[in-house]
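Chain residues, written in single-letter form:
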Amino acid sequence: MTLAKLSISELRVALDSKKISAVELAEYFLARAESNADLNAFLHRDRDLTLAEARRADAQIANGNASALTGIPIAHKDIFVTRDWRTTAGSKMLENYISPFDATVVEKLNAAGMVCLGKLNCDEFAMGSSNENSAFGAVKNPWDKSRIPGGSSGGSAAAIAAGLAPAATGTDTGGSLRQPAAMCGITAIKPTYGRVSRYGMVAFASSLDQGGPMAKSAEDCALLLDAMMGFDAKDSTSVSARENNETPISARLLTAFGSDNRSGAGVSKPLAGVRVGVPKEFFGVGLSPDVAHAVDSAIAQFEKLGASRTEISLPRTRLAIPAYYVIAPAEASSNLSRFDGVRYGHRAKEYKDLADMIAKSRAEGFGAEVKRRILVGAYVLSHGYYDAYYLQAQKVRRLIAQDFQDAFKQCDFVMGPVAPTTAWKVGEKSNDPVAMYLEDIFTLGVSLAGLPGMSVPCGFDQQKLPIGLQIIGNYFDEAKMLAAAHQYQLATDWHTRSPEAFQ
Amino acid sequence: MSLTSDDIHRLAKLARINITPVETERTLRELNNIFSMVETLQAVDTAHLVPLCHPIAIIQEMPLRLRDDAVTETNAREANMVNAPQQENGLFLVPKVLE
Amino acid sequence: MSTTPAGWEVVIGLETHTQLSTASKIFSGSATTFGAAPNTQANVVDLALPGTLPVMNRGAVEKAIMFGLAVNGTIAPHSVFARKNYFYPDLPKGYQISQFELPVVVGGKVGIVLDGVEKTVQLTRAHLEEDAGKSLHEGLDTMGVSGIDLNRAGTPLLEIVTEPDMRSAAEAVAYAKALHGLVTWLGICDGNMQEGSFRCDANVSIRKPGAPLGTRCEIKNVNSFRFLERAIEYEIRRQIELIEDGGRVVQETRLYDADRDETRSMRSKEDAMDYRYFPDPDLLPLVIDAAWIERVKSAMPELFEPMRERFMSQYGLSMYDAGLLTSSRSTARYYEDVVILGADASLAAKWITGTLFARLSLDGLNIDRCPVNSGIFASLLKRISDNTINSTGAKQVFENLWNAPQNQDGMRSLQSVDNSIAKHGLEQVSDTGAIEKIVDDVLAANQKSVDEFKAGKEKAFQSLVGQVMKASNGKANPAQVNEILKKKLSG
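Rules of the game
- The residue numbering used here restarts from 1 in each chain and proceeds along that chain's sequence as written.
- Throughout, the order in which chains and ligands are written sets their labels, letters from A for the former and numbers from 1 for the latter.
- Only residues with pLDDT of at least 70 get local features here, since the model is predicted, and only at 80 or more are side-chain atom pairs given and counted; chain-wide, interface and lining totals rely on the full set of residues.
- Excluded from the side-chain calculations are hydrogens and water; all other atoms, namely the structure's heavy atoms, are used.
- Note on aromatic contacts: the rings of Phe and Tyr and the six-membered ring of Trp form a pair at centre separations within 6.5 Å, being stacked when their planes are under 30 degrees apart, edge-to-face when over 60 apart, and tilted otherwise.
- Any Lys NZ or Arg CZ found within 6 Å of a ring centre and within 35 degrees of that ring's normal is scored as a charge over the ring.
- By definition, disulfides here are pairs of cysteine sulfur atoms that lie within 2.5 Å.
- Salt bridges, as used here, are contacts in which a Lys or Arg side-chain nitrogen is within 4 Å of a carboxyl oxygen on Asp or Glu.
- A helix here means a DSSP run of H or I that spans at least four residues, while a strand means a run of E at least two residues long, and both kinds are numbered starting from the N terminus.
- Three labels apply to residues, based on accessible area from a 1.4 Å probe with only protein chains included: buried if under 20% of the type maximum, exposed if over 50%, partly exposed otherwise in between.
- Here a helix's expected span is defined as the number of its residues, less one, multiplied by 1.5 Å.
- Taken from the helix axis, the directions to the C-beta atoms give the arc we talk about.
- Residues are treated as being in contact if the distance between any of their heavy atoms lies within 4.5 Å.
- In this tally, Lys and Arg are treated as positive and Asp and Glu as negative; His is ignored, and so are the chain termini.
- Throughout, the accessible surface (probe 1.4 Å) given up by two parts as they are put together, summed over both, is called the buried area.
- Between N or O atoms, a polar contact is any pair within 3.5 Å; within protein, one atom must be a potential hydrogen donor and the other a potential acceptor, and residues adjacent in sequence are included only when both atoms are from side chains.
- For the domain bounds, the source is a domain assignment made automatically or taken from a database.

## Here we look at the packing of aromatic side chains
Phase 1 of the analysis: According to the stated counting rule, one finds 35 aromatic pairs over all chains in the structure shown.
Phase 2 of the analysis: The interplanar angle of 40° and the centroid separation of 5.6 Å between the aromatic rings of phenylalanine 453 of chain C and phenylalanine 461 of chain C together place this pair among those described as tilted.
Phase 3 of the analysis: Put simply, the rings of Tyr97, Phe125, Phe339, Tyr344 and Phe366 of chain A pair up and form one aromatic cluster.
Phase 4 of the analysis: Over the ring of phenylalanine 42 of chain A we find arginine 45 of chain A; its NZ or CZ atom is 5.9 Å from the centre of that ring.
Phase 5 of the analysis: Over the face of the ring belonging to tryptophan 424 of chain A we find lysine 429 of chain A, whose NZ or CZ atom lies 5.1 Å from the ring centre.

Right under this line is the structure:
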């Protein structure tokens, strides 16, 4: 078995038993990243920096001070600011930007002893569903290099799928963790809005942005989420977990449903009593039959594990698209106003005056999709349109969130597809923004409601492209979601498959 | 509703993004497509609804958290200005500001 | 002195930006001290570096609550921070965090007195927001560049907006002064206008009496009361001339140029602004409950109006003296300290508003910096009351104490005063025999005055008193001198 296939727990054992050092592990993944540079998953790598962190981890392991993640390599989506690596957010605007501070997430994972392999490609300012919007080139899908890896955390998903890193961070504003995870056949969780600090994440849409882990399994995601989340005084929208349970999520994978599922009757029906709600709106027109079949089989597997299946309704599913494509651009248009070429970022070489310097720098620094969303955002907030668009969208958002609360009266989880199709060809939809937006239909509602959502590999289509099952939980239910996904992954092996070229 | 190229120019000016005539035309087409999709929002009855400011506010009150009035920062000008396109004597330099 | 031009009514509303005197900024932990080297008090949040987020300062909210209580406004139980979007190089985020639809204070009023007439100016609202940085031009002009200093960016502001209630420049200034007095009294703003801690923008329009409101112009950049008056006067003249010449007032922002004493259109604000306000998604609604308001109320200083009333009833002061003694919180505190330490209340009022104020003004000092502390001052007044010294002597002692500040050696205040009296031999002479001797000498030497007095000239008596005081080197007890003189002249 190659190191690239090992789970975080397995790597932990290897490190603790001194079968391998953190430095060797880091070198192994750096070499894989190097030899697979054509995927364009990494934007910045720095061998010296990585190895210095690995040596620090080895020292901690030698001293017996290792925690669950000490010495485990990780790579960060280039939307998290880092002191040691450049941070570009996939934009020419920030091509050479050096942050004087680390994002809270980076700080926390650093403190947990993780070794940073570098920064990962993404759609510019996290705006996109295909990773084609990166100023530094598209990322290729390891399952089929002619296809997109999904977005915006496409570099992260591709890196995990290709075994270039055992763990990665990503962010999700409208599906940017879940959709690329689905398209690359890996596991990811977008936590409840406010659980993971946004401090140090280059902002796209503040009321939607949420960081989360991407890895090969629910178990790995649990370990990473434990280290990433937590109240942060620097983020005014950060929430402290409501439950008093201080036990880490990773330690509750087998106990989250009340009884200890490691023994007794729980073994065959570990999810007995768990109610899975399946929204009929998630299985309508536009859903690829292969995806429908794989998701349906996955839900059947949950039933085998003891869960019950209920059909539910999320009547405003379609409305999530217009609501999201008003709210997210509105917030983005304002969040991106700070890029004016005054204090940092791209400044045009020639300009007539101050106003021209700003307008030209922004025209040159931003890519087409970012500009488009800024203009849409400016429009929906402008005088005379605010009530009809922005305010209306925020009200519809309440209805969408309320629909989910009604659904959770009937079920513990909502399950369905992450995306209507599997990964499409590079360039296939890049000239039709609206067609691209429609692909986000199943992930946007969760984002608008601020609910936690997961993507779990659940099969392949006829072209051998991975399919993701979406598990949506109620607020703060990450532990239960990961526990349910873990049971599913104990019973299936979809998450262990990797593309042939990267075995 | 349909936007015009004047709208695009107004928005580009508001957003401080220079835009070429070719871009204007393409942007106009794309924005009109986007807004015809967005139009479906208008049919929703939202009378008496309060907009949702923080998603968690759907289940619990979310008041603003406040910090104590204390100085926690020291001078870090050098590190903070390392990305400045143009600077002198601790000032960010820009083309002359007209008031 | 402003006059209402014939046939026109002037309508003025004021928007005042008061910098709240917090230690740290409104959304970051940077210091707010004035005058630091450029960009040394601007942290990553103030510079709007990517990934940074605002966290609200409780102290700024408390000061806003205090203001709302002082003007009898309504403290909003729920107010919202909104983004005001516009590009300006001294506005790092490309938006200002302010309050728009739901401000922290709604309504309220400020009383003003102008030429003895009382008037109330209604407040529309007061809202919290962040200040912008500064664009500097000095020494950079030749390079065609400006420098951006963001030390001021993020300083908390309370913007206080009035209804268009004022009808003359003088009224506007009276309001601005009253507001200035209030915010400095409350201690929520240092009031330093030169440093920009208290900045007024005036909305000025004119109309024919009874007509609907005219088009207004907003005058910015006024950093003294005098300039405020002159800027408004200029603007009124400009608008009247414009209309009388058949023109029209255009709604715009105008900058007051003190050197030329005129207002001119601000180029940078030429575009009709569309600020695209929306609730800031980085901040949640500000919630202020009744208990918090109560806590702030109980910690609030007594306001000057009730204090003035109390000074009148408790210490028997005239409205005029009570007004002078409550002109600032430190003056009022000084006065009350002096009284509490045993000085006679009306003597203290007379001495503080007279001798002390004059001396402070001579040295250009604020009472906080008064070299004669309240303890010494009270002791000095006690020595007048117990006839140890008379007022002439007391003035000399005061001057000596002023020039050689006491108490540094830990000497008790009464002792300091007594030492000063003794050192300069200023004890009052109350020995009847000694005074009689001086009186006899004076009467003998001033027969002319004695004759005049006997002929019915009262003035001659005062002249004789003066001669006696002079002969005693000002140390004789004036009451005794009067009494003895009367006795001897009638004898």
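## Overview of the state of the cysteines
Two cysteines, two sulfur atoms, one covalent bond between them: this is a disulfide.
Residues and elements named next belong to chain C.
Phase 1 of the analysis: This structure, assessed with the given rule, holds zero disulfides over all chains.
Phase 2 of the analysis: Free cysteine cysteine 189: the closest other cysteine sulfur is in cysteine 200, separated by 10 Å.
Phase 3 of the analysis: In this structure cysteine 217 is a free cysteine whose sulfur lies 18 Å from that of cysteine 200, the closest cysteine sulfur available.

## Observations regarding the pattern of salt bridges
Close approach of charged atoms lets side chains of opposite charge pair.
Phase 1 of the analysis: For the coordinates displayed, the defined rule picks out 52 salt bridges over all chains.
Phase 2 of the analysis: A salt bridge links aspartate 68 of chain B to arginine 58 of chain C; the nearest nitrogen and oxygen atoms lie 2.3 Å apart. Taken together, the positions of aspartate 68 of chain B in the loop between β1 (66–67) and α3 (77–80) and arginine 58 of chain C in helix α1 (residues 58–70) put the pair across two chains.
Phase 3 of the analysis: Residue arginine 58 of chain C is classed as partly exposed on the basis of its relative accessible area of 28%.
Phase 4 of the analysis: A salt bridge links glutamate 436 of chain C to lysine 487 of chain C, with the nearest nitrogen and oxygen atoms 3.3 Å apart. Of the two residues, glutamate 436 of chain C sits in helix α12 (residues 432–445) while lysine 487 of chain C sits in helix α15 (residues 478–490), which places them 51 residues apart along the sequence.

## Quick word on α12 of chain C
All names here are of chain C.
Phase 1 of the analysis: Over its 14 residues, α12 runs 20 Å from end to end, which matches the ideal 20 Å to within 8%, given 1.5 Å per residue.
Phase 2 of the analysis: Regarding α12, the residues found buried are Ile435, Ile438, Val439, Val442 and Leu443. Viewed end-on, α12 has its buried residues packed into an arc of 135°, placing them on one side of the element. Residues Lys437, Ala444 and Ala445 are exposed on α12 and point more than 90 degrees away from its buried face.
Phase 3 of the analysis: Among the structural elements, α13 (447–454), α14 (458–471) and α15 are those in contact with the buried residues of α12.

## A few points about the side chain of aspartate 440 of chain A
Residues and elements named next belong to chain A.
Phase 1 of the analysis: On the secondary structure map, aspartate 440 appears in the loop between α13 (433–438) and α14 (441–449).
Phase 2 of the analysis: This buried residue, aspartate 440, is left without a salt bridge; arginine 373 holds the nearest opposite charge, at 5.8 Å.
Phase 3 of the analysis: Aside from chain neighbours lying at most four places away, what touches aspartate 440 is Ser129, Gly174 and Tyr325.

## Some remarks on the interface of chain A and chain B
Phase 1 of the analysis: At the junction of the two partners, chain A supplies 72 residues and chain B supplies 55 residues.
Phase 2 of the analysis: On the chain A side of the interface with chain B, the three residues burying the most area are Leu375, Tyr379 and Arg398 of chain A, jointly 14% of the side's total.
Phase 3 of the analysis: The interface formed by chain A and chain B includes two salt bridges.
Phase 4 of the analysis: With a closest N to O distance of 3.7 Å, glutamate 23 of chain B and lysine 371 of chain A form a salt bridge.
Phase 5 of the analysis: Counting across the interface, chain A meets chain B through 18 residue pairs in polar contact (both at pLDDT 80 or more).

## A closer look at the domain arrangement of chain C
Residues and elements named next belong to chain C.
Phase 1 of the analysis: Looking at the assigned domains, one finds that chain C contains domain 1 (9–292), domain 2 (302–423) and domain 3 (432–490).
Phase 2 of the analysis: Taking only C-alpha atoms into account, the centre of domain 1 sits 38 Å from that of domain 2.
Phase 3 of the analysis: In this complex, domain 1 contributes six residues to the contact, which on the side of domain 2 involves eight residues.
Phase 4 of the analysis: Of the roughly 580 Å² buried where domain 1 meets domain 2, counting both sides, 72% is carbon and sulfur surface.
Phase 5 of the analysis: Together, Ala70, Leu182 and Trp185 form the three largest contributors to the area buried by domain 1 at its contact with domain 2, with a combined 82%.
Phase 6 of the analysis: Counting across the interface, domain 1 meets domain 2 through zero salt bridges.
Phase 7 of the analysis: Remark: the boundary between domain 1 and domain 2 carries three residue pairs in polar contact (both at pLDDT 80 or more).
Phase 8 of the analysis: Among the elements that line the side of domain 1 that touches domain 2, the one with the most residues is helix α2 (residues 169–186), at four residues.

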